[in-house]
Each structure stands twice: as structure tokens, then as C-alpha cells.
Amino acid sequence: MFFQQKFRLLSFLISVIFLGLIFNIYNLQIINREDAIESVNIQTLDTFYIASPRGEIYDTNNNKLASSSLEPHLFVNLRKINDKNISKYEQYIKYNFTDLEDTFISDLFESKNLMVKVANITELSFDERQSLSSLDAFEIFDFPVRKYEYDNIASHIIGYLGEPSLEDIKSFPLAAYSNIVGKNGLERYYQKDLAGNPTQIIFQGSEIKEIVNGSPGKDIISSLDIDLQIVATESLLQGMQLANERFESSNKIQKGAVVVLDIRTNEVLSLVSLPDYNPNNFVDGISNREFNELNITGAFNNYPIQGQYPPGSVFKVVAYWLAEQENLYPEGLSSRNGKIDCEGSLVFGFNDGSQQVYNDWKEEGHGRVNLSSSIKESCNVYFWDIALKIWRDYEGTSSESILQEYAKSLGFGELTNIDLPYEASGVVPDRNLFEDWAVSQPERVRAEGWLGGDLMNLIIGQGAITTTPIQVANAYRTLISGKLSKPYINLDQQDNKELLLEVNETFINFLLQDLNSVTNEGGTAHASFSILGNNVKDVGGKTGTAQNSGDKNNTSWFVGIDSISNPRYVIATVVEEGGSGSAIAAPVTRRIIQSLRGVNPTPVKFGEITE
Amino acid sequence: MINRKITILGPEGTNLTLLILFLFLNFISWLTLFTLSDGLTFDLQNSVFRQMTFSILAIILFFAITYISLDQINNYTYLFFGLVSLLLVLLFTTDPKEGVRRWFDLGLIDFQPSEYIKIALVLFISKSFSENFNKVYIGLISFIPIALVFFQPDLGTTTLLLAITLSMFLVSDIKTRTIFSIVLLGGVSFFGLLELGFINSYQLNRITSFFDSVDFAQSQSRLAISSGGFSGQFFEVEKINQIFIPVQSTDFIFSAYAYQFGFIGVIILFGLWAFFFYRVAKIIVSTQSDFEKFVLAGFSGSLIFQIFINISTVIGIIPVTGMPFPLLSLGGSSIVATAVIFGIINRIFIENNVVI
């Protein structure tokens, strides 16, 4: 027999017992929670990381560009901060470090970290430090301080530091601990080497149980010549000022690049990008407003390796090389000495019967020109004739892209793999690319696809082609040295592969002679270089004026070679919207060459307007 | 037989509340195991997938039992009880694993008869009571499987079986005074046998060590429960991995649950079970059949005692006994046995025309 009364009584008793259990859990989870968390902290070890001093960066003459020093900093051990003493510590910090903002101080105490850094206390006396460290929650640790000795100079090469983003942590997991990472330049490219291993401060509960010292980062000796870098930066700034004075431009002309390579080794002696920034401003964090202002001007772009410009006439050396190598000259000519009549425009027909007229930049024409004089005077018609020849002989065959292949074997359209982050590759267009674009970005190409006109544009460095200044400098270096390799800044380079190019002495001598003629009497850059006096006979270069779409002014290019008798340096200069290459980029390069030759650099003067 | 008003699932209908509770409790188990695992992968080594597989098996079993009428259950009770008891005897012929004989090794899975003696014992006592057999004999026969389990040895299940027997005798018409006298007598003779060395010291250690120091696992699990706080840590697995708790996915799973879902989660879990027992109690009061009353009371007693012992262990108020939390702990035997209990209760619900 089931006994209902006893069942009810039993149910009641069980309910009471379970209420007791719930009360017990309530005690555990709500009332005694703090104690439990404290015990969890005690039985688990936690680590706080302090960055080790970063490796220092030197230029090639042992000038320190970026230095690291350990300076004592005050930290608060947040595990020792509780409701009772928080206001005492806040007051203490406010009173002793008057230049700290109140919000900064209150944010410190809300951090979820084990410790927070309060301030650099290098300036404090021994007694003052003693009195600080007598307070229980205060700790003093050495913290590395980064200093960039030349401020804005070479900022894009050296880069700057900042707090790691999630992306950064994926690339550099250790940066999550020390909370600092190279954001650009060498600081980023060599982050792993420069950062070293952070010091570990191991906590058990609120007490510091052990300190495991990290190891400092590795120094970098760079190929950079800081004195040359200063001259190059000044020269580029002068050129821009000149361009702003002489041209009516809707945009302020402020972007540009200089690359100086050592022809023998491909070391980067100088790499200027304007506008620039002062990496010292990032050391203690930069305000959003300042960051945005810099960002709008384009200061974070490293133009020598990221700026992608149509190269204009500086690209003509590709066809120059092709013509010699393939024995491919304008119709009717069989050698470099053969001449055509340049009448200032080219009238011709394509196979499809269309009649085209191409106008040279010089209306009255260059007269009788051969390969050499069309480099010297930058005659477009001669090169168009070469393009026509390629098109008529090879259209639709496997050799159709012969010009592009020559460009690519000089490194165009591909990364140079310089040891800096975020390099851009530029574009060398051909039929295949146009077909890809017709699908992916149809607004960039015409429905007809790749035409002879595109090849004619390409041969004079116009149209869809884009190149970076480092690519151009590297291409000239490759042609003159006969070796293709990556340009580099860190002198500690292993397995730097060199690809030998099919060029012979005779060709190189012809090329140097013709580049030399550009800066001499009758050449496009003579006006800018005549100030060198007799020395002008031993330098060379090539001007370039690349047209831009829209209302943007032309891109001003010059590639300089120093010297002709003993080729040592190649200098590529670009001024975005700087107009004529011979007028702006050429005199900028001339001033840098003066410095390279140990001559007192004279101010940048406006040269002749040509293409 | 009375005609069913509504038939929702199964040939004779299924009580919706019971089904939803059963599914939801299974789901909570998956969620908790998921927070303890490195994620879900589809192999049986993965605890979440393992539990899901057992859950699906359990749900199928739950529906299958709907096909068996209470009359049939009643008819086969003695046979079932006898069979399971026989299996318990046969266990003594197997090789001990880690010093105990609890499982038949069936290759892929282990079969644990003591899970089913819980059910068989409840059915046996219910049937005997409802047919008014001699209470002394009932008590003595009940004691046979309990003793067999005790000598496996399995202290946890032994206590549970004693509790089931005790609770069922308590709600019968036997005088409470008599029951307590017998319990007292039993207790005294137990400790007497202990003194004489008849009993394995393994069980003894479990009891005595508690009074010296709180078990390591228990103090760790208290920390984990505390760290859960009011609203829980929700999937912040990093910290709970630092708080090392042995057998965290089985006997100590409640501590992980309380860590993840906090006091709110605990209240929800208790609420679900309280609602279940409330519905069962309503049937106990309303049904005319003594057999059904005793079956429901016995099963409730079994589940309540398991939950009580498990939580008391996890929060450290009694020594560690190794009792799983029904439907929450990882483990096939326990979940399948609980599914049988839910299935039979479901049958009682629908035979009483309670479908929602």
C-alpha cells in the first residue's frame, strides 16, 4: 500500500535539502567569489612581458639611425590594487607625475593586465625612486626607449613602432606579449631580428615570483648613407618647391621619391619618400588626429617602392636593348646607325585599315634620328616605328609580347624583393592581362582588347604600364651591370642570387654613351646638368615625362648614371605631378650627383621642358 | 483500456513536456562538454560527439519503450529482476579491471549491469508492494543484488540502491519506526563487520580520508564553481583549463557547468529538474495504481539521490563517491539507463492521459 501522507512529507524534506544545496552554491558563486578568484590566481602562474631593447640601426658609415636605451620606468602591480588602496595610488601618481592626464591615470587602473607602465623615471633622484618603490604595488623596471636620431630623414626606410594589431600578431606572435611591433620599414621587415626576446615577469598571485631575462635584438648595419639621404631629401624638396612655383596645379605637389643604388652590389644608398613623418612621434603613441593628418597627405606610403607610375621615356631603354639584341629596327633600317625622318608625327595604317596619327611631343620633329639620337632627344617616333615593326611582324604570334618579355627580364612587373615591407609590383600590360581585366575590371580596357596602339603606348612607357621608382633604378642597374639581383638595405645578406643577363660590353658602352649624350649638348637634360662644367662629360641619364589620365599633371622622371667611365651609381628620381622630367627631376638628380662626386651641391634649378 | 485523447509521437503518444525536458537536458550536456573539449570532431574519441551518439541512442530507446505497456512491464518484472541479478553474479567470473568487477567487456562498449539493477530493483519492489507480499521477504530479496554490487566493489551504486529501497519502504505502509530500527541495526552491524575485517579497506579509506582533508578534486571544483560567479564565464575556457579538475567531464561535470553558466545556469538546471519531479509527483498523487505510484516514487528517488550525491560531492560536503549526474555527465551506460527510466515514466504519463 502506498502511503500518500508519508510521500508528501518526504517530498517536502527533499525540497528543503535541495534548497540547502542551492544556498551552498549561492555562497560559493556569489558570496565567496573574490576569495576563490584570489586562490585561482595563487595556484596559477601568470606572466607579464617587458620588451627587450630593440637592435640598433646604423648607416654604412656607422652613424646611429635608431638607438635603443634601457631607462627605469615606474609600473603598478595591479594584482596588489584593491578597492581600499586604489585612491591612494591614484593620488600618489597624480601628485608625483603632474604632466600625466587624469583620464590616463584612471585608465591605468582599469587595465586587465598584471602590471601597467606609469612613467619614465630617469629624471627622478635616487631618494625619490626609493620612496616610490617603498610602496607595495609600485615596481621599477628597465624599459627600452627607442630614439630615431635623424627625425624625418629616412623615416620610410627605418619605419616606426606601434601597438600590434590582430594582423600583426598573426605575423609576429611574440609581439602580442611585449605589445610593440614594427609597423613599417626595417622596423617591420626585420621585426623578428630587431625585437629579440621579451623579459618575463612571472607572477604567482599578486607577488612577483621570478624574472626571466630576455635577450636584446640584433643590430642592423644598413647600406644607407645618411649624409647622402639628407642631400637627396633636400634636393627632392627643392624640386617640389620649384614645381609648385612653376606649374599651375590643382593639387599641391608634395609626393616624390629618390632611389640611389650602387651599381656594383645593388646596395641601396639612399631611398627618399616624401612626404615623410617623424618616427619619434610614435614612440609614446600618436593621437588619432595627427595620424589621420599624416595619412591624408600620403606620408605613410613609401613611394620609391609603393608608388606605381607610368615610366614615360625612361622606359625607352627596354626597346633600346631589344632593338640591339634582336636586330629589330624601324622598317627599312638594319643597324643602330640607320636614320629615319622624324617629322613630329607618325601617320600609318594598321592591317584593319584604320588610319592613325601619333604626334611626338616636339611638334616640329627631331629631324633625321637614329637609335642614339632618339635616346638623346627622346624622340618618340623612332620607338613607335620599332613598335610598328614588332606589331606587323609578330601580331598574334608567340613573339607578340617580345617587348614585355624584355621588360620583365629587367624586373618590371615584378617585385624587386627589396628588404622593406609592402612593396608594389607595378604592371606590364599584354594581351593576356587585358583579357583578364576585361573580366575583373572591365572599366580599364576597351572592348577591342589588346591593339597595336597599346604596344605603341607601352614602348614609350605610357598607357596601362606602371612601375615603381625602385624597379626603374633596378632595371638600369641590371642593364649596365649585366646582373639582375634584388636591391637591399641590410648589409647582412645571405644567398643573394644574381641572374646573368645577355648583354655584352659593346652594348653597355653604346648605352652609356647614349645616356651620356642626354646630359650633354643637345640632350634633353643638358640645361639641368650644364652647371657640372666639365664633369658633365662623365655623367648620364634619361628623362621621362609620363602623362596621367584626368587633370593630373605629368609625372616627372629622371634616371641618372654616375659615372660613365666607371659606372657606380644609378639614381632614379620621381616627382608626382612634377611636370617635365628634364625640368624638375633632372636638376634634382643633378644635385644628388654633385653630392656623390663630393662637389658642393648647388640649388635645384628649373631645367628645359621636354619629354 | 481507456482511449487516448491525443496521439502525438509514437504508437501510444508521448508526453511533450517530458520529451522536451529530456532533449533539453541532453543538449545542456553537449554544450558543457563542448566547452571542455577542443571543439567538435566526428569521431568517437571526441567527448562531444560521443555524448551526442549516446544521446541519439537514448532518444531512440525512449521512444522504443513507449511501445511496451505497463501491464507487460508488470508481467516481466520478476524475470527482468532475476536476469539482471544473475548478470551481477556472473560478473564475479570475469577478470577484475583496475581492481573492480563492474563491466562486461563487449568489445566496442562496456556493459554495466549495475545501471539496470537500479531499474529492476524499483520495478521489483513496486510489483511486490502492489501485490501485498510479505515485506520482510521483499526486503531480504532486495538485499541480494545490493550485496552483489557492494562486493564488486561499487560503493556509489550500493548507496544508491540502499537509498532507492529505503525511499520506497518509507512511502509504503510500513511503520517508519520499524524502518529506522532496521536501518540502525544494519548500520551497527556494518561497522561491526568492518571492525572484524570483512570489508575491503578501499571503501573505508574513502570515508575516513574525508575527515582528514578535503579531497584535491573537490577543492579544485569548488574554485571552478566560485569562478563562475553570477552569470558564468561563457566559453572562456582558458581559465578553467588552468584549474585542474580530475574526471571533469564525468563525475565533476557540474563544476564545469557552474563555471560556464554561473549561478543563473545552476538555477535553470535545478528548475528543469524541479519541474520534472513536480509533474511526476502530481501523477503519483492522482493515479489509482499502486504499482505506478511506487515505480514513479522509486525512479524519482533514484534520480534525486544521484543528483544530491553528485552535487554534494562536487561542492565538497560529502566524500567523493563517483556518482554521475543524470543526463549531464559523459557516459553511455548512465545516459541509456536514464533513458529507460524516462521511457517508463513517459508510458505511465500517457496511460494516465497526460500528454502535455
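Rules and cut-offs
Within each chain, residue numbers correspond to sequence positions counted from 1 in written order. Each chain is given a letter, starting from A, and each ligand a number, starting from 1, according to the order in which they appear as written. Given that the model is predicted, a residue must reach a pLDDT of at least 70 before its local features are reported, and side-chain atom pairs must reach 80 or more before they are shown or counted; all residues, however, enter totals for whole chains, interfaces and linings. With hydrogens and water set aside, each side-chain value is computed from the structure's full complement of heavy atoms. For each residue, the accessible area found with a 1.4 Å probe, counting protein chains only, is set against the maximum for its type, and the residue is called buried under 20%, exposed over 50%, and partly exposed in between. Secondary structure elements follow DSSP: runs of H or I no shorter than four residues count as helices, runs of E no shorter than two count as strands, and numbering proceeds from the N terminus. Criterion used throughout: strands pair if DSSP finds at least two bridges between them. Under this scheme, a helix contributes an axis fitted over its contacting stretch, all axes are lines through C-alpha atoms, and angles between N-to-C directions fall in the 0 to 180 degree range. Every residue pair with non-hydrogen atoms within 4.5 Å of one another is taken to be in contact. By convention, the term buried area covers the 1.4 Å-probe accessible surface removed from two parts as they join, with the contributions of both added. Salt bridge criterion: a side-chain nitrogen from Lys or Arg within 4 Å of a carboxyl oxygen from Asp or Glu. Under this definition, polar contacts are N or O atom pairs within 3.5 Å; protein pairs additionally need one hydrogen-donor-capable and one acceptor-capable atom, and for neighbouring residues in sequence, both atoms have to be side-chain atoms. Each patch is built from residues that are more than 30% exposed by relative accessible area and take part in no salt bridge. Like charges join if they lie within 9 Å; nonpolar side chains (Val, Leu, Ile, Met, Phe, Trp, Tyr) join within 5 Å. Here the Shrake-Rupley method, with its probe set to 1.4 Å, supplies the accessible areas, and only the displayed protein chains count as covering residues. The span expected for a helix works out to 1.5 Å for each residue beyond the first.

Asks: Which parts of the structure should I look at to understand the pairing of strand β11 (residues 256–262) of chain A?
Replies: Remark: a regular strand shows side chains that alternate across the two faces of the sheet. All names here are of chain A. By the criterion of burial, β11 is predominantly enclosed, with seven of the seven residues buried. Because side chains alternate across β11, one face comprises the buried residues Gly 256, Val 258, Val 260 and Asp 262, and the other comprises Ala 257, Val 259 and Leu 261, equally buried. One ladder, built from six bridges, connects β11 with strand β12 (residues 268–274); its direction is antiparallel. The residue of β12 that forms the bridge with Val 260 is Ser 270. Of the strand pairs in this sheet, β11 and strand β21 (residues 569–575) are connected by seven bridges, and their pairing is antiparallel. Bridged to Gly 256 within β21 is Val 575.

Asks: What am I meant to see in the sheet that holds β11 of chain A here?
Replies: Pairing between sheet strands relies on hydrogen bonds along the backbone, with the strands arranged either parallel or antiparallel. Residue and element names in this part refer to chain A. Here five strands make up an open sheet; going across it, the order is β12-β11-β21-β20-β19 and the pairing antiparallel. Every interior strand has two partners, whereas the edge strands, β12 and β19 (539–546), have only one. Within this sheet the neighbouring strands show an average axis-to-axis angle of 10 degrees, counted without direction. Where helix α20 (residues 469–481) meets the sheet, its contacts fall on β11, β12, β19, β20 (555–562) and β21, and the angle it forms with β11 comes to roughly 25 degrees.

Asks: In this structure, what is going on with the interface of chain B and chain A? I would like to understand it.
Replies: How big an interface is tends to be expressed through the accessible area that disappears when the partners come together. Counting residues at the interface gives 44 residues for chain B and 28 residues for chain A. Buried area between chain B and chain A, summed over both chains or domains, comes out near 3,200 Å², and the portion from carbon and sulfur atoms is 69%. For the chain B face of the interface with chain A, the top three residues by lost area are Val 171, Ser 226 and Phe 263 of chain B, together amounting to 18%. Along the contact surface separating chain B from chain A lie zero salt bridges. Viewed at the interface, chain A and chain B are joined by 13 residue pairs in polar contact (both at pLDDT 80 or more).

Asks: When you look at the sheet that holds strand β9 (residues 207–212) of chain A in this model, what are you seeing that I'm missing?
Replies: Residues and elements named next belong to chain A. Ordered by their spatial adjacency, three strands build an open sheet running β1-β8-β9, and the pairing between neighbours is antiparallel. The open sheet has two edge strands, β1 (45–50) and β9, and neither has a second partner. On average, adjacent strands in this sheet sit at an angle of 30 degrees to one another, irrespective of strand direction. As judged from the six bridges shared by β1 and strand β8 (residues 199–204), these two strands associate in the antiparallel manner.

Asks: I tried to follow a nonpolar patch on the surface on my own but got confused; where do I start?
Replies: All names here are of chain B. Residues Phe 24, Phe 27, Phe 230, Ile 264 and Ile 268 make up a contiguous nonpolar surface patch of about 470 Å² in total accessible area. Where the nonpolar patch is concerned, the elements lending two or more residues are α1 (16–36) and α11 (253–286). Structurally, the position occupied by Ile 264 is in helix α11. The exposure class of Ile 264 is partly exposed, given its relative accessible area of 37%.

Asks: What exactly am I supposed to notice about the pattern of salt bridges here?
Replies: Any two side chains of opposite charge can pair if their charged atoms end up close together. Residue and element names in this part refer to chain A. Per the counting criterion, the structure on display carries 29 salt bridges over all chains. With a closest N to O distance of 2.8 Å, Arg 54 and Glu 187 form a salt bridge. A residue pair is termed long-range when its members are at least 10 positions apart, and Arg 54 in the loop between β1 and β2 (57–58) and Glu 187 in helix α9 (residues 185–189) qualify at 133 residues. Each member of the pair, Arg 54 together with Glu 187, is buried. Residue Glu 56 pairs with Lys 64 through a salt bridge whose shortest N-O separation is 3.3 Å. What makes Glu 56 buried here is its relative accessible area of 12%. By relative accessible area, which is 33% here, Lys 64 ends up partly exposed.

Asks: I tried to follow helix α11 (residues 226–246) of chain A on my own but got confused; where do I start?
Replies: Structural remark: α-helix, 3.6 residues per turn; residues separated by three or four positions point the same way. All names here are of chain A. The terminal C-alpha atoms of α11, which comprises 21 residues, lie 30 Å apart, in line with the 30 Å expected from a rise of 1.5 Å per residue. Listing the buried residues of α11 in full gives Ile 226, Leu 228, Gln 229, Val 231, Ala 232, Thr 233, Ser 235, Leu 236, Gly 239, Met 240, Leu 242 and Ala 243. For α11, the secondary structure elements touched by its buried residues are β3 (64–77), α6 (155–158), β11, β12, β21 and α23 (581–596).

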